[in-house]
Amino acid sequence: MALIEIENLSVNFSSPDGQVQAVRDVSLALEEGQSLGIVGESGSGKSVSLMALLRLLPEQSATINANKLMLDGVNMLACPRQELAKVRGKVASLVFQDPMASFDPLFKIGDQLTETVLTHFDVSSSEALIRVEKMLDRVEMPDSKRVINSYPHQLSGGMLQRAMIAMALVCEPKVLIADEPTTALDVTVQAQILQLIGDLQQETGMGLIMITHDLGVVAETVDNIVVMYGGKVMEQTSVFDLFDTPRHPYSKALLESIPGQLPGKRKLKEIPGQSPNPLSPPAGCPFHFRCENADQSCIDQMPPLTRWDQTNATACLKVAS
Ligand SMILES: Nc1ncnc2c1ncn2[C@@H]1O[C@H](COP(=O)(O)OP(=O)(O)O)[C@@H](O)[C@H]1O
Ligand SMILES: [Mg+2]
């Protein structure tokens, strides 16, 4: 059974300037044990798509429309508000860019982790602490005894991110949703954390969604990729195919922007032009402003997402079928 099924999801926010069309007609799915990367530059609708699935968006301003919004068989569109936390806690755990925001600065790390276990499992405090210690070992936390007795501000960024991954995994979720989990870390620590997430996913068989603006981050951590731009899905593919034969012009541009991807080239290649304004997105392809191949047809109509096979689909009028 699919763990996550999102079909034709659109999300608007009401703002003083009008309706922000953050996500437009997005479909994606995740099977049990699969790993999926969602990539695209900042503002493309990656986080909002997953926050909509988990119903974590502000209800006063966000309008969610979808044909399907299923999490582990639960219809998240119809799920009563008091049930939501239970469903989320049982199925999905989140890891964010800024672990400092996820921990309460006034409580020790060990107490916060133990509290999480006690909320989700019917165990004693001492059993909860044993689970926490085991989990800190599994995330290869250095000096875990000290960490348990530390306040968040006493840990380095990398250690805090490990603590946050431990907090996410201690609930034994079916899927881990990591939203830019390493963006705030330096490159060496970034690589260690990605390796850790990849290893834990293999070990536990949980599903993984890795949201990032950086293709380099997903290259070694996930199997499949959804490329988003301007609130829409541009391409669905496997990591191998994306790096081997990217089809969509935006995917190609993203690949070229990875540092070190081209020999001798250290500077990021900038994609010329601006992203579309989400207050009045274009009727046609959102990438047409910046695409070398675009012509009038790309301005007039949004290309349908054309499926090539089970894993590959591309939304581009200029990619030959
Ligand atoms: N709470 C909100 N209110 C209004 N607009 C929002 C809100 N959250 C996100 N947006 C807008 O939605 C669009 C998509 O945002 P987001 O999904 O966060 O992008 P990203 O791909 O970087 O994760 C952006 O234009 C952003 O400004
Ligand atoms: Mg985001």
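Numbers given to residues run from 1 along each chain, matching the order in which its sequence is written. Each chain gets a letter, beginning with A, and each ligand a number, beginning with 1, in the order they are written. Owing to the predicted nature of the model, reporting of local features is limited to residues with pLDDT of at least 70; listing and counting of side-chain atom pairs is limited to 80 or more, with chain, interface and lining totals taken over all residues. With hydrogens and water excluded, all non-hydrogen atoms of the structure serve as input to the side-chain values.

Trainee: Tell me what's going on with empty space enclosed by the protein, and back it up with residues and numbers.
Mentor: In this analysis, the protein atoms alone were mapped onto a 1 Å grid. Cavities are point sets where a 1.4 Å probe fits without being able to get out; pockets are open sets with protein on both sides within 12 Å along at least five of seven lines; lining residues have an atom within 4 Å of a point. Grid points are joined across faces, edges and corners, and a volume is the space filled by probe spheres set on the points. Summed over the entire model, instances satisfying the criterion amount to 3 cavities of 30 Å³ or more. Of the pockets and cavities examined, the largest cavity occupies roughly 70 Å³. Along the walls of the largest cavity sit 14 residues, with Pro249, Cys285, Cys291, Cys298 and Cys316 positioned nearest its centre. Classifying every residue of the lining of the largest cavity by side-chain character gives 10 nonpolar, 3 polar and 1 charged. Charged means Asp, Glu, Lys or Arg here, nonpolar means Ala, Val, Leu, Ile, Met, Phe, Trp, Tyr, Cys or Pro, and polar covers whatever is left, Gly included.

Trainee: Please give an account of the site of ligand 1 that cites residues and values.
Mentor: Around ligand 1, the structure places Phe13, Ala22, Glu41, Ser42, Gly43, Ser44, Gly45, Lys46, Ser47, Val48 and Pro278. Pairs of N or O atoms are called polar contacts if they sit within 3.5 Å, as long as, within protein, a hydrogen donor faces a hydrogen acceptor (for residues adjacent in sequence, only side-chain-to-side-chain pairs). Contact between ligand 1 and Gly43: an oxygen atom at 2.7 Å from a main-chain N or O atom of the residue. Note that an oxygen atom of ligand 1 is positioned 3.1 Å from one of the backbone N or O atoms of Ser44. The protein chains shown are the only cover counted for residues, whose accessible areas, like all others here, come from Shrake-Rupley with a 1.4 Å probe. Computed on the free molecule, ligand 1 has an accessible area of 560 Å², of which 65% lies beneath the protein chains in the complex. Proximity is defined per residue: if any heavy atom of the residue lies within 4 Å of a molecule or strand, that residue is considered near it.

Trainee: Provide a residue-level description of the confidence of the model for the protein, including the pertinent values.
Mentor: A residue's pLDDT is simply how confident the predictor is in it, with values from 0 to 100. The pLDDT averaged across the protein works out to 91; a share of 96% of its residues lies at or above 70. Residue contacts are defined here by distance: any two heavy atoms, one from each residue, within 4.5 Å place the two residues in contact. A low-confidence stretch, residues 262–268 stays under pLDDT 50, and its non-local contacts, those more than four residues away or across chains, total 5 contacts.

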